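Fold and geometry: a report
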Amino acid sequence: VPNANFTVTGTGNARKFKITPIAAGYATITLKVTDNVGQFSQISFSLAFSNSITTTAVKDVYHTGMSDGSTAVAIDANYMFVADDETNQIRLFDRNNSGLPIYALDVTEFMPSGGKEIDIEASFKSATIPNRIYWLGSMSNNKDGELRDDRNRLFATDIVGSGANATLTFVGYYANLRSKLIAWGDANGYNFTAKAASGVDPKTINGFNVEGFEMGPDGTTAYIAFRAPY
């Protein structure tokens, strides 16, 4: 990224910094700002550039501010809420333009998890309650096989407002879905108790790990997709 490929637009303290790379790869970007009396501040950060998508059927858009997006709900043709499995934040992104999130809600304070990772993996928008979104944690052990109750969370948020002004309010959570799934699996010959037991790696073929969640066409039946067990 040569210096000539940086552009700054805007006025006052509202500026947009745009980077145009010349090739795919990695770069360290340093941005230094100096005011009219010589006071300055600077930041440096690492940036990776991918090759552009070479198709006219897909728009080349890059959302930033998270690197582990795991589930998204479109609220209209232009905006979407996205959650990731490494933080407890749900962010609002412009679907048609690259850039940082416009808004974010951290749901940590609403959970009895002491700030631990919920591991949000899936979501769907309610077919019966306007503007409600349901979000689901992985219900898995952590990577070391430790039981993590904070991941056993099915929770709901409501959309307030629309478009770029959309925000979320927390509605509530349910913490017993994992135990009900395990009981169902045991009763149907899947031995979920063993697969979800302490010490079991959730990402192995015999682990217990939820990745998908969707409402069925009848509006009352939800489908849960497992990464494991296979």
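Scroll up for the structure.
Residues numbered from 1 in each chain as written. Predicted model: local features only at pLDDT ≥ 70, side-chain atom pairs only at ≥ 80, totals over all residues. Heavy atoms only, no water.

This part is about the pairing of strand S14 (residues 222-228). Both strand S13 (residues 209-215) and S14 contribute to a ladder of six bridges, which runs antiparallel. When the sheet's bridge partners are listed, Glu214 is paired in S14 with Tyr223. Here S13 folds back onto S14, and the loop between the two strands holds six residues, one of which, Gly219, carries a positive phi near 80°. (Pairing = 2+ DSSP bridges. Helix = DSSP H or I, 4+ residues; strand = E, 2+ residues; numbered from the N terminus.)

Before going further, it helps to spend a moment on the side chain of Asp84. Position of Asp84 relative to the elements: it lies in strand S6 (residues 79-84). Only 2.7 Å separates the side chain of Asp84 from the side chain of Thr87, close enough to count as a polar contact. Among the polar contacts listed, one links the side chain of Asp84 to the side chain of Arg91, at a separation of 3.0 Å. When residues no more than four places from it in sequence are discounted, the contact partners of Asp84 are Met66, Asp68, Gly69, Ser70, Gln89, Arg91 and Ile120. (Polar contact = N/O pair within 3.5 Å; in protein donor to acceptor, adjacent residues only side chain to side chain. Contact = heavy atoms within 4.5 Å.)

Phe81, Ile90, Trp135, Phe155 and Leu168 are the most contacted members of the largest nonpolar core, which totals 20 residues. Secondary-structure elements contributing two or more residues to this core are S6, strand S7 (89-94), strand S8 (103-106), strand S10 (132-137), strand S11 (154-160) and strand S12 (167-174). No other element matches the three residues that S6 contributes to this core. If we skip the residues at most four places from it in the chain, Phe155 touches Ile90, Val107, Met111, Ile118, Ile120, Ile133, Tyr134, Trp135, Phe170, Gly172 and Tyr173. Judged by nonpolar contacts, the second largest core, of 14 residues, contains Met139, Phe192, Ala196 and Val210. (Core = buried A, V, L, I, M, F, W, Y, C linked by side-chain atoms within 4.5 Å. Buried < 20%, exposed > 50% of the residue type's maximum accessible area, 1.4 Å probe, protein only.)

All right, on to the pattern of salt bridges then. For the structure on display, the rule yields six salt bridges. The residue Asp84 makes a salt bridge to Arg91 at a minimum N-O spacing of 3.0 Å. Side by side, Asp84 and Arg91 carry an identical accessibility label, which is buried. Across the pair Arg132 and Asp158 runs a salt bridge whose closest N-O atoms are separated by 2.8 Å. On the criterion of sequence distance, the pair formed by Arg132 in strand S10 and Asp158 in strand S11 is long-range, its members being 26 residues apart. A cluster of three or more residues bridged by salt bridges with shared partners is formed by Glu117, Asp119 and Arg151. (Salt bridge = Lys/Arg side-chain N within 4 Å of Asp/Glu carboxyl O.)

This part is about the sheet that holds S8. Overall, antiparallel pairing links the four strands, which are arranged S5-S6-S7-S8 in an open sheet. Of all strands in the sheet, those bounded by a partner on one side alone are strand S5 (69-74) and S8. Averaged over all pairs of adjacent strands, the angle between strand axes in this sheet comes to 25°, irrespective of strand direction. Of the strand pairs in this sheet, S7 and S8 are connected by four bridges, and their pairing is antiparallel. The partner of Ile90 across the bridge, within S8, is Leu105. (Axes fitted to C-alpha atoms, helices over the stretch in contact; angles between N-to-C directions.)

Turning our eyes to something else, we now look at the sheet that holds S12. Across the sheet, which stays open at both edges, the four strands sit in the order S9-S10-S11-S12 with antiparallel pairing between neighbours. Of all the strands in the sheet, just strand S9 (120-125) and S12 have a single pairing partner and so form its edges. Between one strand and the next, the sheet's axes are offset by a mean angle of 25°, whatever the strand orientation. Pairing of S10 with S11, which is carried by five bridges, proceeds in the antiparallel orientation. Its bridge partner being in S11, Tyr134 is matched across the sheet by Ala156.

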